[in-house]
Amino acid sequence: MVIGFFMILVDSTIVSVATPAIRDDLATDYNAVIWVTSAYLLAYAVPLLITGRLGDRLGPKRVYLVGLTVFTLSSLWCGLTGSVEGLILARVFQGLGASMMTPQTMAVITRTFPADSRGRAMALWGATAGVATLVGPVLGGVLVDQAGWEWIFFINVPVGIVGFVLAWRLVPRLETHTHSFDWLGVALSAVAMFLIVFGIQEGEQYDWGTITGWISVPLLIAAGLLVLAAFLVWQARNRREPLLPLALFRDRNFSVSNVAISTVSFSVTAMAFPFMLWTQTVLGYDATQAGLLFVPMAVVTAVMAPMVGRMSDRMPPRRLASIGFGTSAIALLGTAWIIAPDTPLWQLLVLNALLGFGNAFLWAPLASTATRNLPMSAAGAGSGVYNTTRQVGAVLGSAAIAAAIAGRLAAHLPGAADVAGARTGGASLPEQLAGPFSDAMSEAIIVPALAFVVGLVVVQFFAPATTAPKP
């Protein structure tokens, strides 16, 4: 199951490294290439509540296999396309496949492993999530530099085939729950998620103003919030089979875990942008060299995750998550403090490793705690909600860091954004520009650091009743 999950998360970050190559090869402009990522994130985030519920209704194995098939075939389509319009359309189908797979990975773990040993299983899920979001820039840089941008998609094909065979043979067919389907809830949730995610994601591009005619970004977000409110009212009044059982949120740990994972996803998504921009613009690294700076982070996360998984079956989640959020916040604040044109490489590597250590204490404990008290019949719905909040956190992080970078560059070095966009790896900024540019990126990194601090506060509200150590 996590093979497919790994591909999904890698594809959320891998395209950012390939953006210049795609733009040049397909002879298009930057705004069009942005939609290669935007279309994927929208198609991924919008249906998550629905696909989570589909897993309960049709069986998580069946929905996962269909999603993996759609994702793998659309990856091949992405690599073979010869136009940016075709690539955007293929990425929409890729996002739909991803949205079908993600909730099922968590639901199968929840329904297969007993609560007192689920932490070890969630450790693998957590390690996959933590490492995959960091591997994307590294893998993308290597593939683009050595083989061409098409291979960031072609590589999914053999991996997808292996993942399909393994899931077909090894994943059990679990009991389904055949009840009426909430079609009004489906429509309301899809419209609300689209308006909110689209508005947040595209807000910076339109300077948070008018998109076309009388339609503006704030209006889209406000309309999305109104539709979301209507969706919640309908879910509370629906006495048959609501798409989102609001009773899930009566479990305090489920609610706290959802808020906490959104801050994790916000920070992990946001921190990479100013860091990568600084290393390539000021230090003169190419895409591969900049991506390799994340290797200590990924390695430490992968090594620590199994240990943390065993701890999460025995220790209170508040303690583990506090270690994770506190350490991660310290690592990012330290990175913001040291960023300068002459920052020693070893300091960056040490702080990235410390960030990887902190991340290892977040993914597995939060995921296992979110689902620990849920009834098995609601595993798919709970997983859908959890992954929706995680993905919305990533979109918020992307929008917030874009605004922070633009604002800090305008304050420290007007016009520097144009310089950064025009340069390529291997040629650093002139000395008189490097200092102010570094200051701007340093201040931008404080944004994801503060999100980790928010997460640290949130996890103090975990309910103590379910945190007794296991023998």
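Labelled according to an unreviewed UniProt entry, the chain appears under the name DHA2 family efflux MFS transporter permease subunit, originating from Aeromicrobium duanguangcaii. Listed in UniProt under the heading Subcellular location (unreviewed entry), the comment for the chain reads: "Cell membrane".

Comments concerning the overall build of the chain
Secondary structure summary: the chain contains 19 helices and 2 strands in total. Expected size for 471 residues packed as a compact globule is a radius of gyration near 23 Å; at 21 Å, the chain falls within 12% of this value. C-alpha extents for the chain along the principal axes are approximately 65 × 50 × 45 Å. Out of the 471 residues in the chain, the part that is buried amounts to 57%. A separation threshold of at least 6 residues defines the contact pool for the chain, and within that pool the share at least 24 residues apart is 85%. As displayed, the chain offers around 18,500 Å² of accessible surface, 68% of which is attributable to carbon and sulfur atoms.

Quick word on the environment of Ala 229
Counting through the fold element by element, Ala 229 comes out in helix α10 (residues 217-237). Exposure remark for Ala 229: the relative accessible area of 37% places this residue in the partly exposed category. C-alpha of Ala 229 to C-alpha of Ala 192: the two residues are 37 residues apart in sequence and 8.8 Å apart in space.

Concerning the packing of aromatic side chains
On inspection of all chains with the given rule, the structure shows 10 aromatic pairs. Both rings, one in Trp 149 and one in Phe 153, keep their centres 6.2 Å apart while their planes meet at 85°; by these two values the pair is edge-to-face. The class of Phe 153 is buried, set by a relative accessible area of 0%. Taken together through their ring pairs, the aromatic side chains of Phe 275, Trp 278 and Phe 294 make up a single cluster. Of note, Arg 173 hangs over the ring of Trp 168, and the distance from its end group to the ring centre comes to 5.8 Å.

Remarks on a nonpolar patch on the surface
Taken together, Leu 333, Ile 446, Leu 450, Val 453, Val 457 and Phe 461 make up a surface patch of nonpolar side chains, about 510 Å² in accessible area. Assessed through its relative accessible area of 53%, Phe 461 is described here as exposed.

Some points on the side chain of Asn 352
Looking at where Asn 352 falls in the secondary structure, it is placed in helix α15 (residues 345-360). According to the relative accessible area criterion, Asn 352 is buried, its value standing at 2%. Within the structure, the side chain of Asn 352 is placed 2.9 Å from the backbone oxygen of Leu 293, a separation counted as a polar contact. Non-local contacts of Asn 352, meaning those with residues more than four positions away in its chain, are made with Phe 275, Leu 293, Phe 294 and Met 297.

Observations regarding helix α3 (residues 48-58)
Note: α-helices contain 3.6 residues per turn, so residues at a spacing of three or four share the same orientation. The element α3 is largely enclosed, with a buried count of 8 among its 11 residues. Positioned one or two residues after α3, Gly 59 has a phi angle of 105°, which is positive.

Here's the deal with the layout of surface pockets
Approximately 550 Å³ is the volume attributed to the second largest pocket. Those elements giving two or more residues to the lining of the second largest pocket turn out to be α9 (183-202), α10, α11 (252-281) and α17 (379-412). Residues of the lining of the second largest pocket, tallied by class, amount to 16 nonpolar, 7 polar and no charged.

Topic: α11
Between the first and last C-alpha of α11 there are 45 Å, a value that for 30 residues agrees with the 44 Å anticipated at 1.5 Å per step. Most of α11 is tucked away: 23 of the 30 residues are buried.

Some thoughts on the packing of α11 against helix α16 (residues 363-371)
Relative orientation of the contacting elements α11 and α16 amounts to 150°, with a least axis distance of 8 Å. Considered as vectors, α11 and α16 are oriented roughly antiparallel to each other. In the packing of α11 onto α16, the handedness of the crossing is left-handed. Residues Asn 253, Phe 254, Ser 257, Ala 260, Ile 261, Val 264 and Val 268 of α11 form the contact with α16, whose own contacting residues are Trp 363, Leu 366, Thr 369 and Ala 370.

A short note on the environment of Val 454
Structurally, Val 454 is set in helix α19 (residues 431-458). Judged by relative accessible area, which is 45%, Val 454 ranks as partly exposed. Residues Val 454 and Ala 404 lie 50 residues apart in sequence; the distance between their C-alpha atoms is 18 Å.

Section: the side chain of Asn 258
With respect to the secondary-structure elements, Asn 258 resides in helix α11. Residue Asn 258 is classed as buried on the basis of its relative accessible area, which comes to 4%. Only 3.0 Å separates the side chain of Asn 258 from the side chain of Thr 389, close enough to count as a polar contact.

Some words on the packing of helix α13 (residues 295-312) against α15
For the pair α13 and α15, the least separation of the axes is 7 Å and the interaxial angle reads 30°. With respect to their mutual orientation, α13 and α15 come out roughly parallel. Read as a crossing pair, α13 and α15 show a hand that is right-handed. For the pair α13 and α15, the contacting residues are Pro 296, Met 297, Val 300, Thr 301, Met 304, Ala 305 and Val 308 in the first and Leu 349, Asn 352, Ala 353, Leu 355, Gly 356, Phe 357, Asn 359 and Ala 360 in the second.

The rules behind these values
Residue indices begin from 1 for each chain and proceed along its sequence in written order. The model is predicted, so local features are restricted to residues of pLDDT at least 70 and side-chain atom pairs to those at 80 or more, both for listing and for counting; the totals for chains, interfaces and linings are taken over all residues. Side-chain measures here rest on the full set of heavy atoms in the structure, leaving out hydrogens and waters. UniProt positions are given in the numbering used here, feature names are shortened, and annotations may be inferred rather than shown by experiment. Strands are runs of DSSP state E lasting at least two residues, helices are runs of H or I lasting at least four, and both sets are numbered from the N terminus onward. Note on method: radius of gyration uses C-alpha positions; expected globular size equals 2.2 Å times residues raised to 0.38. Burial here depends on accessible area, computed with a 1.4 Å probe over protein chains only, as a share of the maximum for the residue type. Under 20% is buried, over 50% is exposed, and the range in between is partly exposed. Every residue pair with non-hydrogen atoms within 4.5 Å of one another is taken to be in contact. Under the convention used here, a 1.4 Å probe and the Shrake-Rupley method define accessible areas, while residue burial counts only the protein chains that appear. Pairing of aromatic rings covers Phe, Tyr and Trp, the last counted by its six-membered ring, and requires centre-to-centre distances within 6.5 Å; plane angles under 30 degrees mean stacked, over 60 mean edge-to-face, and any other angle means tilted. In our convention, an over-ring charge means Lys NZ or Arg CZ found within 6 Å of a ring centre and within 35 degrees of that ring's normal. Here a patch means residues that are over 30% exposed by relative accessible area and free of salt bridges, tied together within 9 Å if like-charged and within 5 Å if nonpolar (Val, Leu, Ile, Met, Phe, Trp, Tyr). For this document, the term salt bridge refers to a Lys or Arg side-chain nitrogen within 4 Å of an Asp or Glu carboxyl oxygen. By the criterion applied in these results, polar contacts are pairs of N or O atoms within 3.5 Å in which, for protein atoms, one can donate a hydrogen and the other can accept it, and in which residues neighboring in sequence qualify only through two side-chain atoms. As defined here, a cavity is a set of points on a 1 Å grid over the protein atoms alone where a 1.4 Å probe fits but cannot get out. A pocket is an open set with protein on both sides within 12 Å along at least five of seven lines, and residues line them when an atom is within 4 Å of a point. Grid points are joined across faces, edges and corners, and a volume is the space filled by probe spheres set on the points. We call Asp, Glu, Lys and Arg charged. Ala, Val, Leu, Ile, Met, Phe, Trp, Tyr, Cys and Pro are nonpolar, and the rest, Gly among them, are polar. The span one expects for a helix is its residue count, reduced by one, times 1.5 Å. Axis definition: a line fit to C-alpha positions, over the contact stretch in the case of helices; interaxial angles, taken between N-to-C directions, run 0 to 180 degrees. Roughly parallel refers to an angle under 35 degrees, roughly antiparallel to one over 145, roughly perpendicular to one between 65 and 115, and oblique to any angle outside these ranges. Crossing handedness follows the turn of the near helix against the far one: under a right angle anticlockwise gives a left-handed crossing, and clockwise gives a right-handed one.

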